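Single-letter residue listing:
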Amino acid sequence: MTNFDSCKVAITGASGSLGRALLQALAQQGASLVALTSSREPLLLQDSAGTAIPLEQVCWQCGQEQELRQLLERVDILVLNHGINQQQLRSASAMSLALEVNALSSWRLLELFAEVVQQNPRPQRPKPEVWINTSEAEIQPALSPLYELSKRLLGSLVSLRSLDLAGARGPLRIRRLVLGPFRSRLNPIGVMGPKFVANQVIAQARLGIGLIIVTPNPLTYVLMPLNTLARWGYFKLMTRPSPGQL
Ligand SMILES: NC(=O)c1ccc[n+]([C@@H]2O[C@H](COP(=O)([O-])OP(=O)(O)OC[C@H]3O[C@@H](n4cnc5c(N)ncnc54)[C@H](OP(=O)(O)O)[C@@H]3O)[C@@H](O)[C@H]2O)c1
């Protein structure tokens, strides 16, 4: 069972609903926390007893992933959780923002963390992990085409790159978070609460589950594993590793 005690966990989208809930839940598990946020506002969180939760707040912007290189050397678990949902939009600039925030910045952070881990081996510590929040929108309609397109791209990138970055020989352990609708700024009418979702994510991660699903939709529990398996098989069959490169 994964133990978060004294583990350093960095979370993007830290000031959002799930970001805060994950930070609070991980604090209870004894993790040491880094809040990665694009906001300049100080992030003040309290535990259930009203005591301030100690955390290191680091500002970053999409496109400036390389600036997090030194920080990532100290991180055991990187949670890629930032996201944007521009419902009803379809302009080129909205598409570009959705792809950048929801897919490409997470992909770049995944690659950067893998590179950092390879350059700084940690033989005495558990394998570093990346948790990637792709969403149920990877395989189901989310009433937001740009959101679906960008989350599907992220899901496919994760499946393809996991062939080299994860597994027995890869430098990382990758967990995919496939979440159903929960209440937040991104989805004010979500049916689940962010605290419930965060606790479920952590409970499943503690059990060692790699495909973490939290949703009231029973179809996702059937379709998501099938989709992931099919994509894994297709990508493995159609691609080869590049010698000497990750
Ligand atoms: N709510 C749902 O129903 C649902 C369902 C499935 C998956 N998800 C996923 O869960 C994750 C968390 O979302 P949430 O529901 O908690 O929404 P949220 O409260 O809106 O949080 C999203 C956070 O992402 C960060 N972000 C937004 N735009 C950004 C940008 N341009 N550059 C960098 N960071 C940006 C912001 O955090 P900072 O200000 O701290 O940077 C923002 O608070 C997202 O990836 C979302 O796609 C949500």
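Located above this text is the structure these notes cover.
Residues numbered from 1 in each chain as written. Predicted model: local features only at pLDDT ≥ 70, side-chain atom pairs only at ≥ 80, totals over all residues.

The next thing to look at is the overall build of the protein chain. For the protein chain, the count of helices and strands is six helices and seven strands. Going from the N terminus to the C terminus, the protein chain shows its helices and strands as β-α-β-β-α-β-α-β-α-β-α-β-α. Every one of the 246 residues in the protein chain was classed for burial, and the buried ones make up 40%. For the protein chain, long-range pairs separated by at least 24 residues make up 66% of all intrachain contacts whose partners lie at least 6 apart in sequence. (Helix = DSSP H or I, 4+ residues; strand = E, 2+ residues; numbered from the N terminus. Buried ≥ 20, exposed ≤ 12 C-beta atoms within 10 Å, placed from the backbone. Contact = placed C-beta atoms within 7 Å.)

Let us look at the site of the ligand. Close to the ligand lie 27 residues, the nearest being Gly 13, Gly 16, Thr 37, Gly 83 and Ser 184. Examining the composition of the shell around the ligand, we find that three residues originate from one element, helix H1 (residues 17-28), more than from any other. Classifying every residue of the shell around the ligand by side-chain character gives nine nonpolar, 16 polar and two charged. (Near = placed C-beta within 6 Å. Nonpolar A, V, L, I, M, F, W, Y, C, P; charged D, E, K, R; others polar.)

Each regular strand carries side chains that alternate between the two faces of the sheet. Across the two faces of strand S7 (residues 211-214) the burial differs, with Ile 212 and Val 214 buried and Leu 211 and Ile 213 not buried at all. Following the backbone out of strand S6 (residues 173-179), through helix H5 (residues 194-206) and into the adjacent parallel S7, one traces a crossover that is left-handed. (Right-handed = clockwise from strand over helix to strand, strands pointing away.)

Side chains that are nonpolar tend, in soluble globular proteins, to be buried together. Core analysis: the largest hydrophobic core is formed by 53 residues, its most contacted members being Val 9, Leu 22, Leu 26, Leu 78 and Phe 113. Judged by nonpolar contacts, the second largest core, of five residues, contains Val 101, Ala 137, Leu 146 and Tyr 147. (Core = buried A, V, L, I, M, F, W, Y, C linked by C-beta atoms within 7 Å.)

Here Met 192 lies in the loop between S6 and H5. A tally of 17 C-beta atoms within 10 Å means that Met 192 is categorised as partly exposed. In contact with Met 192, not counting residues within four places along its chain, are Gly 180, Pro 181, Phe 182, Val 197 and Pro 216.

As for its placement among the helices and strands, Phe 196 is situated in helix H5. Along the backbone, Phe 196 and Pro 145 are 51 residues apart, and their C-alpha atoms lie at a distance of 27 Å.

A separate point is the sheet that holds strand S3 (residues 55-59). The seven strands lie next to each other as S3-S2-S1-S4-S5-S6-S7, forming an open sheet whose pairing is parallel. Across the chains shown, the open sheet's two edge strands, defined by having one partner strand only, are S3 and S7. Across the sheet, the axes of successive neighbouring strands diverge by a mean angle of 15°, strand direction being ignored. Across five bridges, the pairing between strand S1 (residues 8-12) and strand S2 (residues 32-37) is parallel. Paired with Ala 10 across the strands is Val 34, a residue of S2. Sheet strands in contact with H5 are S6 and S7, and its direction is about 150° off that of S7. (Pairing = 2+ DSSP bridges. Axes fitted to C-alpha atoms, helices over the stretch in contact; angles between N-to-C directions.)

Interaxial distance between H1 and H5 falls to 8 Å at its minimum, and their mutual angle equals 55°. Classified by the angle their axes make, H1 and H5 are oblique. Crossing handedness for the pair H1 and H5: right-handed. Of the residues in H5, those touching H1 at Ser 17, Leu 18, Ala 21, Leu 22, Ala 25 and Leu 26 are Pro 194, Lys 195, Val 197, Ala 198, Asn 199, Val 201 and Ile 202. The class makeup of the residues in the contact of H1 with H5 is 10 nonpolar, two polar and one charged. (Parallel < 35°, antiparallel > 145°, perpendicular 65-115°, else oblique. Left-handed = near helix turned anticlockwise from the far one by under 90°.)

Across the interface, helix H4 (residues 145-165) lies against helix H6 (residues 218-238) with an axial gap of 9 Å and an inter-helix angle of 55°. In this view, H4 runs oblique relative to H6, as classed from their interaxial angle. The element H4 and its partner H6 pack so that their crossing is right-handed. Residues Ser 156, Ser 159, Leu 160 and Leu 163 of H4 pack against Thr 228, Arg 231, Trp 232, Phe 235 and Lys 236 of H6. The class makeup of the residues in the contact of H4 with H6 is four nonpolar, three polar and two charged.

It is worth spelling out H6 at this point. The first and last C-alpha atoms of H6 sit 31 Å apart over 21 residues, in line with the 30 Å expected at 1.5 Å per residue. Where H6 is concerned, the buried positions are Thr 220, Met 224 and Thr 228. Each buried residue of H6 sits inside an arc of 55° when the element is viewed along its axis, so together they form one side. Facing away from the buried side of H6, by more than 90 degrees, are the exposed residues Pro 218, Leu 219, Val 222, Leu 226, Leu 229, Ala 230, Gly 233, Tyr 234, Leu 237 and Met 238. (Expected span 1.5 Å × (residues − 1). Arc of directions from axis to C-beta.)

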